[in-house]
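Overview (structure and organization)
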Amino acid sequence: AGVVGESLRASGPAAMDISQMSEEEQLKAAMELSLQDHAGGAAAQAARQPAPSLVPSPAPPDRGHPRKFPRKDPQDALPPCPRASAKKKRSECEAAVPTGEKFDLPEGEVLELVRLIFGDKPEIQDAERWLDVGFQFSPLAGTEWGLWQRHGGPCGVFAPVQGFIVKSLLFGTGEGSEADNASARRGDQPLACIGAEEDARAAVLAHALATMLFHAAPTSHYTVCQVAPAGNPAGALAAVLAPGSPEAAAAASSSATAIASGSCGLVVTGHHVKRIADAQQLLEEAVDSWLAGPCGVLSFVCSVLLSRVMATVREDMDDPTTPLIGRFGHCSQELVNLMLIGEATSNVFDGTRWLGDDPSSGFLVKGVDGDRVGVPLVGFLSEMEPMRYLQVGTLYKHPDCPIWVIGSPTHYTLIFSLRRSDAQLSPEAQVEQRAKKIFNDNALDEGSLALASSLGTMLGALGISADHLAQAQRDLVREEVILWEDFRSWACRQFGCSDGPAASQAAGKKLKFFLYDGQDPPGPSLRSVLLELSDIDPRLAGGGSEGDAFAATLHTRWPNAVVQVLPLAGAGSENIALGTTSL
């Protein structure tokens with residue numbers, strides 16, 4: 001009791017008179033004082049935590065802007081997307097086809113073009129894969145709007161083109177109620193031809209190709225060219241051979257042998273035009289002829305390269321000596337990016353990064369620059385991300401339309417949704433996207449830490465007043481550096497957002513996607529992909545993605561989702577009664 005009394009005298013208010021208290025009352029008072037001390041200590045500790053918000057709830061930073069082309073003629077605009085149900089007679093196209101400026105590409109430029117695509121001395125088989133494949137639609141029911149890839153290799157072009165076809169088919173221009181009603185119009189057969197749609201496929205394919213050409217060309221100068229084997233007696237203007245025919249195979253083998261030996265192997269002819277509408281008409285006229293022929297896909301790739309200009313394409317790359325087509329005819333990331341965003345950059349993260357501590361002596365690596373290219377219309381996901389070989393940026397993960405090319409070390413496919421909202425960016429993700437770009441612009445390494453001296457610049461880029469710099473320094477700076485995770489959490493709090501991962505989602509919500517793969521064999525196929533969002537790691541629930549590369553790839557965009565894949569149409573759909581299939 002004496003000890004308790006001394007404690008009360010030392011800790012309690014001066015007015016507290018313990019001389020009249022019983023021993024029991026003294027113990028009770030001591031306990032109350034102890035609780036008060038504990039609460040005061042907790043409050044003091046909370047006061048030392050970073051301020052929850054320095055900015056009075058501003059709107060999250062804008063995720064991006066529509067792409068602009070300041071060097072193009074203002075009158076040069078991409079024509080509206082044709083309606084899938086609009087039937088167009090071939091004679092209407094023939095009567096208005098522009099001629100533009102005809103050309104025969106000199107042999108020296110053809111050789112430069114061949115080396116940009118295939119490298120100095122590719123394997124014969126790798127080049128041959130590209131010399132006997134054109135753009136053709138699937139003959140299988142339920143996949144008539146899907147492209148038919150009859151050879152391995154060009155899937156890195158087929159999948160992006162398919163993405164732009166799906167965009168035109170489901171979302172049109174991407175505005176208004178027509179885009180919002182895509183699910184009601186297409187139902188569970190999004191790639192099936194409905195009614196007279198088969199007659200509109202040429203116009204929609206030409207619009208998809210023209211859109212990609214428009215994005216790649218920095219000025220209002222477009223090249224639409226036809227490529228043919230140099231050994232063809234009649235040259236590039238000869239009657240188009242049927243892909244896969246013995247004659248086409250022989251011509252492809254001869255040209256591939258020449259290319260592999262360092263020779264030209266090809267002839268290139270075509271037209272230069274100054275309006276994308278004229279280029280689109282030329283492409284539409286070619287859909288049923290040489291674009292469907294043995295060198296059809298290669299002809300489009302060359303059209304994009306010549307429209308962007310070969311020197312500019314090499315400037316896009318981290319390593320300008322990298323060929324666009326690698327081993328086994330597989331497309332490089334540079335070629336896939338060129339198809340998706342019109343720039344042949346070498347990476348899939350947002351913005352650019354410096355490798356090395358000093359930008360003056362470091363190496364600049366380039367990804368998807370939202371300030372320049374805006375928000376991609378079609379996104380990209382990679383099987384390499386769950387393996388930690390790379391990290392796909394927020395721009396590719398949240399494209400304008402719910403359409404994603406999925407890349408693997410050996411193949412490219414396409415996944416898409418009928419609901420535009422499935423691509424939308426949450427407020428948290430918008431803040432994180434902007435904060436990540438700003439942090440990368442000032443980072444020392446690959447985006448994990450930045451110098452404290454850059455903090456003022458980063459706050460200004462976020463739109464946060466310099467008045468808050470001192471508080472930010474106290475919250476973020478440790479040993480003269482700032483860690484990305486600390487900066488991300490802090491930035492989210494300033495804008496009134498949760499500082500949890502940007503991929504936060506409503507557990508239990510179900511999403512439906514479609515996965516298309518046009519490669520034959522086994523044949524064009526369409527599968528439904530059902531995702532049930534969860535806040536529990538599926539590995540802990542016995543349904544994880546371990547060993548399932550496809551599910552692991554989807555988890556980079558929808559973490560912890562339970563993934564179910566079912567055959568729907570085309571090759572493999574005969575097993576639909578067997579239930580879930582693995583990829």
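This is a predicted model, so every value here is computed, not measured. (Residues numbered from 1 in each chain as written. Predicted model: local features only at pLDDT ≥ 70, side-chain atom pairs only at ≥ 80, totals over all residues. Heavy atoms only, no water.)

A closer look at the overall build of the chain
- Along its length, the chain carries 21 helices and 13 strands.
- Across the 583 residues of the chain, 52% fall into the buried class.
- Within the structure as shown, the chain displays about 26,100 Å² of accessible surface, and the carbon and sulfur contribution to it stands at 52%. (Helix = DSSP H or I, 4+ residues; strand = E, 2+ residues; numbered from the N terminus. Buried < 20%, exposed > 50% of the residue type's maximum accessible area, 1.4 Å probe, protein only. Areas by Shrake-Rupley, 256 points an atom, 1.4 Å probe, with all protein chains shown as cover.)

Digging into the sheet that holds strand 3 (residues 266–273)
- Pairing is antiparallel across the open sheet formed by 3 strands, whose spatial order is 1-3-2. Bordering the open sheet on either side are strand 1 (101–104) and strand 2 (222–229), each of which pairs with just one other strand. Each adjacent strand pair in this sheet contributes to an overall mean axis angle of 20°, direction not counted.
- Pairing of strand 1 with strand 3, which is carried by 4 bridges, proceeds in the antiparallel orientation. Following the sheet pairing, Lys102 is matched in strand 3 by His271. (Pairing = 2+ DSSP bridges. Axes fitted to C-alpha atoms, helices over the stretch in contact; angles between N-to-C directions.)

Brief notes about the packing of helix 18 (residues 455–462) against helix 19 (residues 469–476)
- At a minimum axis separation of 10 Å, helix 18 and helix 19 run at an interaxial angle of 115°. By crossing handedness, the relation of helix 18 to helix 19 is classed as right-handed. Counted together, Leu455, Gly456 and Leu459 of helix 18 and Leu469, Ala472, Gln473 and Leu476 of helix 19 form the full contact between these two elements.
- Of the residues contributing to the contact of helix 18 with helix 19, the split by class is 5 nonpolar, 2 polar and no charged. (Left-handed = near helix turned anticlockwise from the far one by under 90°. Contact = heavy atoms within 4.5 Å. Nonpolar A, V, L, I, M, F, W, Y, C, P; charged D, E, K, R; others polar.)

What to know about the pairing of strand 6 (residues 379–382)
- Residues Gly379 and Leu381 point to one face of strand 6 and Phe380 and Ser382 to the other, with burial holding for every one of them.
- Note: strand 6 against strand 7 (residues 403–407), 4 bridges, orientation parallel. Note on strand 7: the bridge partner recorded for Gly379 is Trp404.

Thoughts on the nonpolar core
- Ranked by internal contacts, the top residues of the largest apolar core, which has 103 residues, are Phe135, Val157, Val161, Leu335 and Phe416.
- Once you skip the residues sitting within four places of it in the chain, Leu335 turns out to touch Trp130, Val157, Val301, Leu324 and Ile325.
- Residues Ile438, Ala450, Leu459 and Phe487 belong to the second largest nonpolar core, which totals 23 residues. (Core = buried A, V, L, I, M, F, W, Y, C linked by side-chain atoms within 4.5 Å.)

Some points on the pattern of salt bridges
- The tally for this structure, following the rule as stated, stands at 12 salt bridges.
- Of the charged contacts in the structure, one is a salt bridge between Arg372 and Glu343, with a shortest N-O distance of 2.6 Å. Of this pair, Arg372 sits in helix 15 (residues 370–373) while Glu343 sits in the loop between helix 14 (333–341) and strand 4 (352–355), and the two are 29 residues apart along the sequence.
- Here Arg372 falls in the partly exposed class, since its relative accessible area comes to 39%.
- For the salt bridge of Asp369 with Arg372, the shortest nitrogen-to-oxygen distance reads 3.0 Å.
- A single salt-bridge network, built from bridges that share partners, covers Glu343, Asp369 and Arg372. (Salt bridge = Lys/Arg side-chain N within 4 Å of Asp/Glu carboxyl O.)

Regarding the sheet that holds strand 13 (residues 562–570)
- Read across the open sheet, the 6 strands follow the order 6-7-8-11-12-13; overall the sheet is mixed. This sheet does not close on itself; its edge strands, each paired only once, are strand 6 and strand 13. For this sheet, the mean angle separating the axes of adjacent strands, direction not counted, is 30°.
- With 5 bridges joining them, strand 7 and strand 8 (residues 412–416) adopt antiparallel strand pairing. Considered in strand 8, the bridge of Val405 is made with Leu414.
- Along the sheet, helix 6 (residues 155–171) contacts strand 7, strand 8 and strand 11 (510–517); its crossing angle with strand 8, the most-contacted strand, is approximately 20°.

Points about the packing of aromatic side chains
- The final tally for this structure, using the stated rule, is 13 aromatic pairs.
- Ring geometry for Phe380 and Tyr396: centres 5.7 Å apart, planes at 50°, overall tilted. On the criterion of sequence distance, the pair formed by Phe380 in strand 6 and Tyr396 in helix 16 (residues 394–397) is long-range, its members being 16 residues apart. Of the two residues, Phe380 and Tyr396, neither departs from the other in class, the shared state being buried.
- Note on Trp404 and Phe513: the rings are 6.0 Å apart at their centroids and 65° apart in plane angle, and the pair reads as edge-to-face. One end of the pair, Trp404, is in strand 7; the other, Phe513, is in strand 11, with 109 residues separating them in the sequence.
- By the ring-pair criterion, three or more aromatic residues cluster together here, those being Phe69, Phe214 and Tyr222. (Phe/Tyr/Trp six-rings, centres within 6.5 Å; stacked < 30°, edge-to-face > 60°.)

Some words on helix 4 (residues 107–118)
- Over its 12 residues, helix 4 extends 16 Å from the first C-alpha to the last, a length consistent with the 16 Å expected when each residue adds 1.5 Å.
- Residues of helix 4 that are buried include every one of Val110, Leu113, Val114, Leu116, Ile117 and Phe118, and no others.
- Close packing links the buried residues of helix 4 with helix 5 (124–128), helix 10 (246–260), strand 3, helix 12 (296–308) and helix 13 (310–316).
- Where helix 4 ends, the next residue or the one after it, Gly119, has phi of about 90°, a positive value. (Expected span 1.5 Å × (residues − 1).)

Things to note about helix 18
- For helix 18, the full list of buried residues reads Leu455, Met458, Leu459 and Leu462. Taken around the axis of helix 18, the buried residues stretch over an arc of 100°, which confines them to a single face. Opposite the packed face of helix 18, turned more than 90 degrees from it, sit the exposed residues Thr457 and Gly460.
- Here the buried face of helix 18 lies against helix 17 (427–442), strand 9 (449–451), helix 19, strand 10 (481–483) and helix 20 (484–494).
- Of the residues flanking the end of helix 18, it is Gly463, one or two places downstream, whose phi is positive at about 85°. (Arc of directions from axis to C-beta.)

A few points about the side chain of Lys72
- Positionally, Lys72 belongs in the loop between helix 2 (23–47) and helix 3 (90–96).
- Buried and unpaired, Lys72 has Asp76 as its nearest opposite-charge partner, separated by 4.6 Å.
- At a separation of 3.2 Å, a polar atom in the side chain of Lys72 contacts the main-chain carbonyl oxygen of Phe214.
- In this structure the side chain of Lys72 is engaged in a polar contact, spanning 3.3 Å, whose partner is the backbone oxygen of Thr219.
- Dropping the residues within four chain positions of it, Lys72 is found in contact with Phe214, Ala217, Pro218, Thr219, Ser220 and Tyr222. (Lys, Arg positive; Asp, Glu negative; His and termini not counted. Polar contact = N/O pair within 3.5 Å; in protein donor to acceptor, adjacent residues only side chain to side chain.)

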